Amino acid sequence: EVQLVESGGGLVQAGGSLRLSCAASGFSLDDYAIGWFRQAPGKEREVVACINSRDGSTLYADSVKGRFTISRDNAKNTVYLQMYSLKPEDTAVYYCGMHPRGWGPWIQVAYGYDHWGEGTQVTVSS
């Protein structure tokens with residue numbers, strides 16, 4: 001059974017850092033694209049970063065470029081999101097998802113992802 005579990009969220013001051021983890025089970029990461037998305041109250045779920053676990057290709061939302069880094073450890077079946085220089089606008093619930101079609105432009109849109117974790121809360125105080 002496919003399962004994704006996020007962890008690592010918390011409360012930090014602006015300018016601080018957090019490292020999120022997405023532990024996957026029931027499938028091998030290198031067969032799929034994995035996306036980190038976030039959703040703030042009253043807003044749509046938006047892409048943050050995605051990774052092709054097969055070759056390490058990545059993409060980032062403009063709002064996080066230069067501050068966030070997505071990576072994976074295929075041996076551990078885990079995807080990470082290292083976040084630096086956090087801003088209050090980064091406050092949201094962060095989710096990881098698995099897209100069944102693999103790498104392509106569709107990975108930037110939440111619709112189409114087959115599986116999601118329950119999310120982990122990131123709160124950045126000003």
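For the structure itself, look to the data block above.
A short tour of the structure in this document, coming up.

**Some thoughts on the sheet that holds strand S3 (residues 18-25)**
Spatial ordering of the open sheet is given by S1-S3-S8-S7, a layout of four strands whose pairing is antiparallel. The outermost strands of the open sheet, each flanked by one partner alone, are strand S1 (3-7) and strand S7 (68-73). The average undirected angle you get between the axes of adjacent strands in this sheet is 15°. Bridge count between S7 and strand S8 (residues 78-83): six bridges; the pairing is antiparallel. Its bridge partner lying in S8, Asp-73 is registered against Thr-78.

**Description of the state of the cysteines**
Evaluation of the coordinates by the stated rule reveals one disulfide. Note on cysteine connectivity: Cys-22 is disulfide-linked to Cys-96, with sulfurs 2.0 Å apart. Handedness here is read from the sign of the S-S torsion; for Cys-22 and Cys-96, about 70°, the answer is right-handed. Placement of the pair is Cys-22 in strand S3 and Cys-96 in strand S9 (residues 92-99), with a sequence separation of 74 residues. In this model Cys-50 remains outside any disulfide bridge; the closest cysteine sulfur is found in Cys-96, 11 Å from its own. Of the residues examined, Cys-50 reaches a relative accessible area of 0% and is grouped as buried.

**Brief notes about the pattern of salt bridges**
Per the stated rule, a full pass over the model turns up five salt bridges. With a closest N to O distance of 3.2 Å, Arg-54 and Asp-31 form a salt bridge. On the criterion of sequence distance, the pair formed by Arg-54 in the loop between strand S5 (46-52) and strand S6 (58-60) and Asp-31 in the loop between S3 and strand S4 (33-39) is long-range, its members being 23 residues apart. Judged by its relative accessible area of 55%, Arg-54 is exposed. On the basis of relative accessible area, Asp-31 is assigned to the partly exposed category, the value being 43%.

**Structural notes on the nonpolar core**
Residues Trp-36, Val-48, Phe-68, Val-79, Leu-81, Met-83 and Tyr-94 are the most contacted members of the largest nonpolar core, which totals 28 residues. Elements that contribute at least two residues to this core include exactly S3, S4, S5, S7, S8, S9 and strand S11 (120-125). Residue contacts for Val-48: discarding those within four places in its chain leaves Trp-36, Phe-37, Arg-38, Leu-59, Tyr-60, Ala-61, Val-64, Phe-68, Leu-81 and Tyr-94. Of all hydrophobic cores here, the second largest spans seven residues; its members include Phe-37, Cys-50, Leu-59 and Tyr-113.

**Quick notes on the side chain of Thr-78**
Tracing the backbone through its elements, the reader meets Thr-78 in strand S8. In this structure Thr-78 comes out as buried when scored by relative accessible area, which is 9%. Polar side-chain contacts of Thr-78 include one of 2.9 Å to the backbone oxygen of Lys-76. With residues up to four places along the chain from it excluded, the contact list for Thr-78 reads Ser-21, Cys-22, Ala-23, Leu-29, Ser-71, Arg-72 and Asp-73.

Rules of the game
Position labels on residues start from 1 in each chain and follow its written sequence. Owing to the predicted nature of the model, reporting of local features is limited to residues with pLDDT of at least 70; listing and counting of side-chain atom pairs is limited to 80 or more, with chain, interface and lining totals taken over all residues. Water and hydrogen atoms play no part in the side-chain values, which are based on all heavy atoms of the structure. Should DSSP find at least two bridges between two strands, the strands are regarded as paired. Note on conventions: DSSP H or I runs of at least 4 residues are helices, E runs of at least 2 residues are strands, and numbering of each starts at the N terminus. Lines fitted to the C-alpha atoms define the axes, with helices restricted to the stretch that makes contact. Angles between their N-to-C directions range from 0 to 180 degrees. Cysteine sulfur atoms that come within 2.5 Å of each other are treated as a disulfide pair. Buried residues are those whose accessible area, probed at 1.4 Å on protein chains only, stays under 20% of the maximum for their type, while exposed residues exceed 50% and partly exposed ones sit between those limits. Think of a salt bridge as a Lys or Arg side-chain nitrogen and an Asp or Glu carboxyl oxygen that are within 4 Å of each other. Nonpolar cores were defined as sets of buried Ala, Val, Leu, Ile, Met, Phe, Trp, Tyr and Cys residues, with membership established by side-chain atoms within 4.5 Å. Only heavy atoms matter for contacts: two residues are in contact if any of them lie within 4.5 Å across the pair. Between N or O atoms, a polar contact is any pair within 3.5 Å; within protein, one atom must be a potential hydrogen donor and the other a potential acceptor, and residues adjacent in sequence are included only when both atoms are from side chains.

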